[in-house]
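Per-entry structural report
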Amino acid sequence: MDIEGFRKAGYQAVDRICDYYYSLEKRPVLPPVQPGFLSKSIPDQAPEEGEEWVRIEDDYQNVIMPGITHWQHPNFYAYFPCNASFEGALADLHCAAISNPGFNWSCSPSVTELEILMMDWIAKMLGFNDDFLSTSSSGKGGGIILGSASEVTLTVAIAARERAISDLSRHFPPPNDDMRANGHSQGGEEERSPDQANARLADWRGKLTSKLVMYGTTQTHSVGAKAALILGLNFRALEVKAEDAYALRGETLKRAIEEDKAEGRLPFLLVASLGTTSSGAVDNLTEIAQVASLHPELWLHVDSAYAGVALSLPEEREASHLDAINGSFDSFSTNLHKWGLVQFDCSPLLVRDRGNLSRALTVTPEFLRTKEGDSGSVLDLRNLQIPLGRRFRSLKVWFVLRSYGLQGFRDHLRRTMSLSRVFESCLIQEPDFEIVAPPRWAMVVFRLNPASNGSGGGDVNGRSKTNEGLEKLNRELWEELEKRKSELLLTQTVLPEVGFCIRFVVGSPQTRENHVRQAWNVVYECGRKVLEGNGLSLKP
Ligand SMILES: *Cc1c(COP(=O)(O)O)cnc(C)c1O
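Rules used in this analysis
Residues numbered from 1 in each chain as written. Predicted model: local features only at pLDDT ≥ 70, side-chain atom pairs only at ≥ 80, totals over all residues. Heavy atoms only, no water. Helix = DSSP H or I, 4+ residues; strand = E, 2+ residues; numbered from the N terminus. Rg over C-alpha atoms; globule rule 2.2 N^0.38 Å. Buried < 20%, exposed > 50% of the residue type's maximum accessible area, 1.4 Å probe, protein only. Contact = heavy atoms within 4.5 Å. Areas by Shrake-Rupley, 256 points an atom, 1.4 Å probe, with all protein chains shown as cover. Pairing = 2+ DSSP bridges. Axes fitted to C-alpha atoms, helices over the stretch in contact; angles between N-to-C directions. Near = heavy atom within 4 Å. Polar contact = N/O pair within 3.5 Å; in protein donor to acceptor, adjacent residues only side chain to side chain. Parallel < 35°, antiparallel > 145°, perpendicular 65-115°, else oblique. Left-handed = near helix turned anticlockwise from the far one by under 90°. Nonpolar A, V, L, I, M, F, W, Y, C, P; charged D, E, K, R; others polar. Patch = residues over 30% accessible without salt bridge, like charges linked within 9 Å, V, L, I, M, F, W, Y side chains within 5 Å. Salt bridge = Lys/Arg side-chain N within 4 Å of Asp/Glu carboxyl O.

With an unreviewed UniProt entry as reference, the protein is termed PLP-dependent transferase, source organism Violaceomyces palustris.

Encoded structure:
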């Protein structure tokens, strides 16, 4: 394709994208395709000769689109949203045009500098204090935009592990120091071979890391356990209770730390949640901070992949323990690519001390050295992350935040939260349905519970315990909802002390009140069908 060919194809692609958005509502949310469907339409190897662009573009529309789940559909209420904005789309297009890996400042000075500035915009938007800014008085604050909460958690775990090992090495010095301390001469006969030295170092590290324990709760996203798995570290899921709305309490943390320390283990990282995936639970970050003040070696991280953007709303800050985060937490992350209007992928990680990342992750071979890097006058973002190359993600943040303004950003959150209230009030008015955890942000978790009749249906305190009958009814409800996946999409989960239940999350800028009411009608119809099928009828 030449430049003029791109001009023509590009205009056409934008036209089709606009048509797509006009047609979204009429499309099935989940496509009716079977596994393996695509191999019928796509040859099993690349064409020997290049093809005409028009055929390729048509095939995208005719072959690929029928197998797309429409996350931007107004009736998409599953998982968490994965917002798209036109501003973000344009940023991605510009990034594609200048494709570059931005690992060092000099790779593209604007890429590094815009990211540093956007991290400060994000920190200020969310109410973080000076400590987390690149301009912090300590000179250590700031952060980086990574691709996912998974990558963030792994990166934080590496930094926390290295900090812990460095602390531990004061009491358990590494073998080389040992040798010097014992008076072994350098280069003398007694010097061990590099292999032996490496083996001794690995042994020393292995002994220390085997003592480390990473904490989350039974409700922490699997990113916590996965980071531990990748790093070969222990992960301990602390218990949380329905009566605490699945929040980690200070007392539970205190007991766990005491137990582990008594056994000779070192809790080195807590992945706390501000908005869990199953129920939107908020760990008691204030109590956690109090307990952790006696254990400064414990790195405190907040995973707020979904809900973190809501810290931009001043009225949400107190319930989200922002003061505790500002006062005591080491790191915080949210996914702007969920509810924050920025296209996938965009996971800003804010840290109080960038040095913990760069000390753990800096490796500089000759070919990566630059004059600016050597002089220390620039930040080379490769040193704060796992990969070398990186996407220019800050451009979409800049486009979105400028075009929406903070007001427009907050309006989007408040509007979708009020749509969630609409669904919630439908649930509350229907006594045979029950809300099973306190609704938070734009999320409601519910189930059928005909037994809850009389307690007001949606009354969290009137909840009855898990039983087989309810489990069966709700799995049947889920089967009915699965049949309606072209009309609306939800996801199921299992909560301790409750069992099988259904999540409703609204976050698409396309969703209007009529969509939510229509979604409720489908849920109600499915519920009625299940109750009637079981000889129970919905109360009038
Ligand atoms: C979505 C989510 C994750 C995982 O996000 P990725 O960016 O896909 O890795 C982790 N934690 C929470 C609380 C989430 O909601």
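The next subject is the overall build of the protein. Along the backbone of the protein there are 17 helices and 11 strands. In terms of C-alpha radius of gyration, the protein reaches 26 Å, essentially the compact-globule figure of 24 Å for 540 residues. Summarising its shape, the C-alpha atoms of the protein cover approximately 90 × 65 × 45 Å along the three principal directions. Out of the 540 residues belonging to the protein, those deemed buried represent 51%. Pairs at least 24 residues apart make up 75% of the contacts formed inside the protein by residues separated by at least 6 positions. Counting only carbon and sulfur atoms, one obtains 53% of the accessible surface of the protein, whose full area is about 25400 Å².

The seven strands are arranged β1-β7-β6-β5-β4-β2-β3 in an open sheet whose pairing can be described as mixed. On the outer flanks of this sheet lie β1 (142–146) and β3 (234–238), each paired with one strand and no other. In this sheet, neighbouring strand axes are inclined to one another by 20 degrees on average, regardless of whether the strands run parallel or antiparallel. Packing of helix α13 (residues 354–361) onto the sheet brings it into contact with β1, β5 (299–303) and β7 (347–351), and relative to β7 it is tilted by some 105 degrees.

Neighbouring the ligand are 13 residues, the closest being Ala-149, Ser-150, Asp-303, Asn-335 and Lys-338. One nitrogen or oxygen atom from the side chain of Thr-277 is found 3.4 Å from an oxygen atom belonging to the ligand. Note that a nitrogen atom of the ligand is positioned 2.6 Å from one of the side-chain N or O atoms of Asp-303. Expressed as a share of its isolated accessible area of 390 Å², the protein-covered part of the ligand is 86%. Those elements that place two or more of their residues in the shell around the ligand are α5 (149–168) and α12 (336–339).

Moving on, we come to the sheet that holds strand β11 (residues 499–505). Sheets are built from strands paired through backbone hydrogen bonds, the pairs being either parallel or antiparallel. A sheet is described by the order of its strands in space; here four strands give the open sequence β8-β9-β11-β10, paired in antiparallel fashion. The open sheet has two free edges, formed respectively by β8 (433–435) and β10 (491–495), since each of these has just one partner strand. Going across the sheet, the axis of each strand differs from the next one's by a mean of 40 degrees, ignoring polarity. Relative to β11, strand β9 (residues 443–448) runs antiparallel, the two being bridged by four bridges. Across the sheet, the residue bridging to Val-445 is Arg-503, located in β11.

So, about the packing of α5 against helix α8 (residues 222–231). Viewed as axis vectors pointing N to C, α5 and α8 meet at an angle of 50 degrees, and their least axial separation amounts to 9 Å. Classified by the angle between their axes, α5 and α8 sit oblique to one another. Every pair of crossing elements has a handedness; the one defined by α5 and α8 is right-handed. Contacts between α5 and α8 involve Ala-149, Ser-150, Thr-153, Leu-154, Ala-157, Ile-158 and Arg-161 from the first element and Val-223, Gly-224, Ala-227, Ile-230 and Leu-231 from the second. Among the residues making up the contact of α5 with α8, the classes are represented as eight nonpolar, three polar and one charged.

A contiguous nonpolar patch, built from Met-1, Phe-6, Trp-53, Ile-56, Leu-90 and Leu-93 and spanning about 630 Å² of accessible area, is present on the exposed surface. Residue assignment for the nonpolar patch shows that the elements contributing at least two residues are α2 (53–64) and α3 (86–97).

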